[in-house]
Amino acid sequence: MKRGEFLRSLGLSTSTLMAFYCIGTTMTACGSSSDNDPTPDPGTGTGTNGISGTTTGSAINFTVDLTKATGLAAAGGFQVIGDTIVAHTASGSYVALSKTCTHEGTTIGFRPAQNDFRCPNHGSEFSTTGAVEEGPATTALKAYKTALSTDGNTLTVTA
């Protein structure tokens with residue numbers, strides 16, 4: 001059986017298949033890009049990359065060795081870690097939020113100059129507390145607790 005005969009036997013026309021293909025290729029903007037996901041997702045870490053603990057799911061509880069996580073060393077730096085995005089704000093504090101935009105699920109990025117988070121897909125903006133500053137998102141991002149060790153070398157993030 002030839003490809004065209006097979007597709008017609010499924011009841012799909014060539015134009016229908018082209019529409020699905022075109023929709024699929026334009027939907028790649030909903031995924032993360034290297035600009036928004038600067039480091040691989042470490043999942044449940046073993047500490048080899050400076051991250052250890054549970055970084056995904058509902059029981060977020062991990063530590064970051066800031067001497068190894070160079071993306072967080074200076075104010076304005078951020079790193080996507082599992083289901084979270086951790087940022088070193090302009091004021092020098094650390095914040096951790098859900099990395100996923102509440103509008104359509106795209107990975108957000110931190111904007112140091114504005115000291116906020118932005119979704120590259122449709123432009124939703126969120127404060128460092130996770131509150132929606134500009135839509136189309138209408139629901140705040142989940143915020144996680146952060147605690148910096150007294151020596152400033154370890155950051156703990158918990159749900």
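Report on the accompanying structure. Since this is a predicted model, take the numbers as computed values, not measurements. Residue positions are given per chain, counted from 1 along the sequence in the order it is written. A pLDDT threshold of at least 70 governs which residues receive local features in this predicted model, and a stricter bar of 80 or more applies before side-chain atom pairs are shown or counted, although totals over entire chains, interfaces and linings include all residues. Hydrogens are left out, water is left out, and the side-chain values use all remaining heavy atoms of the structure.

Here we come to the overall build of the chain. Per the secondary structure count, the chain includes two helices and 12 strands. Secondary structure elements follow DSSP: runs of H or I of four or more residues count as helices, runs of E of two or more count as strands, with numbering from the N terminus. Overall, the chain shows an N-to-C arrangement of helices and strands of α-α-β-β-β-β-β-β-β-β-β-β-β-β. Classification of the 159 residues of the chain by burial places 33% in the buried group. What makes two residues a contact is simply this: any of their non-hydrogen atoms within 4.5 Å. Taking the contacts inside the chain whose residues are at least 6 apart along the sequence as the reference set, 39% of them involve residues at least 24 apart. Surface exposure here means Shrake-Rupley accessible area, sampled with a 1.4 Å probe, where a residue is shielded only by the protein chains that are shown. Total accessible area on the chain stands at roughly 8500 Å², and carbon and sulfur atoms take up 54% of it. Here's how the labels work: a residue is buried when its accessible area is under 20% of the maximum for its type, exposed when over 50%, partly exposed in between, all with a 1.4 Å probe on protein chains only.

On to the sheet that holds strand 7 (residues 109-111). Should DSSP find at least two bridges between two strands, the strands are regarded as paired. Pairing is antiparallel across the open sheet formed by four strands, whose spatial order is 7-8-9-10. Strands with a single pairing partner mark the edges of an open sheet, and in this sheet they are strand 7 and strand 10 (132-134). Strand direction decides the pairing type here: strand 9 (residues 125-126) and strand 10, joined by two bridges, are antiparallel. Looking at the pairing, Phe 126 lines up with Val 132 of strand 10.

Turning our eyes to something else, we now look at the pattern of salt bridges. Each reported salt bridge corresponds to a side-chain nitrogen of Lys or Arg within 4 Å of a carboxyl oxygen of Asp or Glu. Taken as a whole and judged by the stated rule, the model has two salt bridges. The salt bridge involving Asp 116 is made with Arg 111; its shortest N-O contact spans 2.8 Å. In this structure Asp 116 comes out as buried when scored by relative accessible area, which is 4%. Ionic pairing is found between Glu 125 and Arg 111, a salt bridge with its closest N-O pair at 3.4 Å. With a gap of 14 residues between them, Glu 125 in strand 9 and Arg 111 in strand 7 connect regions that are remote in the sequence. A cluster of three or more residues bridged by salt bridges with shared partners is formed by Arg 111, Asp 116 and Glu 125.

Before going further, it helps to spend a moment on the packing of aromatic side chains. Each Phe, Tyr or Trp ring, with Trp reduced to its six-membered ring, pairs with another whose centre is within 6.5 Å; inter-plane angles below 30 degrees give stacked pairs, above 60 give edge-to-face pairs, and intermediate values give tilted ones. Under the criterion given, the structure shown has two aromatic pairs. Taken together, a centroid distance of 5.0 Å and an interplanar angle of 55° make the contact between Phe 110 and Phe 117 tilted. Take Phe 110 and Phe 117: they sit in the same class, and that class is buried. Taken together, the aromatic side chains of Phe 78, Phe 110 and Phe 117 make up a single cluster linked through ring pairs.

On to the environment of Asp 116, then. One can find Asp 116 in strand 8 (residues 116-118). When the C-alpha positions of Asp 116 and Ala 90 are compared, they lie 9.7 Å apart, and in sequence the two are 26 residues distant. Discounting chain neighbours no more than four positions away, the residues touching Asp 116 are Gly 109, Phe 110, Arg 111, Glu 125, Phe 126 and Glu 133.

Consecutive side chains of a regular strand alternate in pointing toward one face of the sheet and then the other. Across the two faces of strand 4 (residues 78-81) the burial is the same, with Phe 78 and Val 80 and Gln 79 and Ile 81 all buried. Sheet topology places strand 4 next to strand 5 (residues 84-88); four bridges connect them, and they run antiparallel. Within strand 5, the position partnered with Val 80 by the bridge is Ile 85. Between the end of strand 4 and the start of strand 5, which pair antiparallel, lie two residues, with Gly 82 showing a positive phi angle near 60°.

Turning next to the state of the cysteines. Defined by distance alone, a disulfide is two cysteine sulfur atoms within 2.5 Å. This model, assessed by the stated rule, comprises zero disulfides. For Cys 101, which is in no disulfide, the shortest distance to another cysteine sulfur is to Cys 119 and amounts to 3.8 Å. Looking at Cys 101, the relative accessible area reads 3%, which means it is buried. For Cys 119, a relative accessible area of 3% translates into the label buried.

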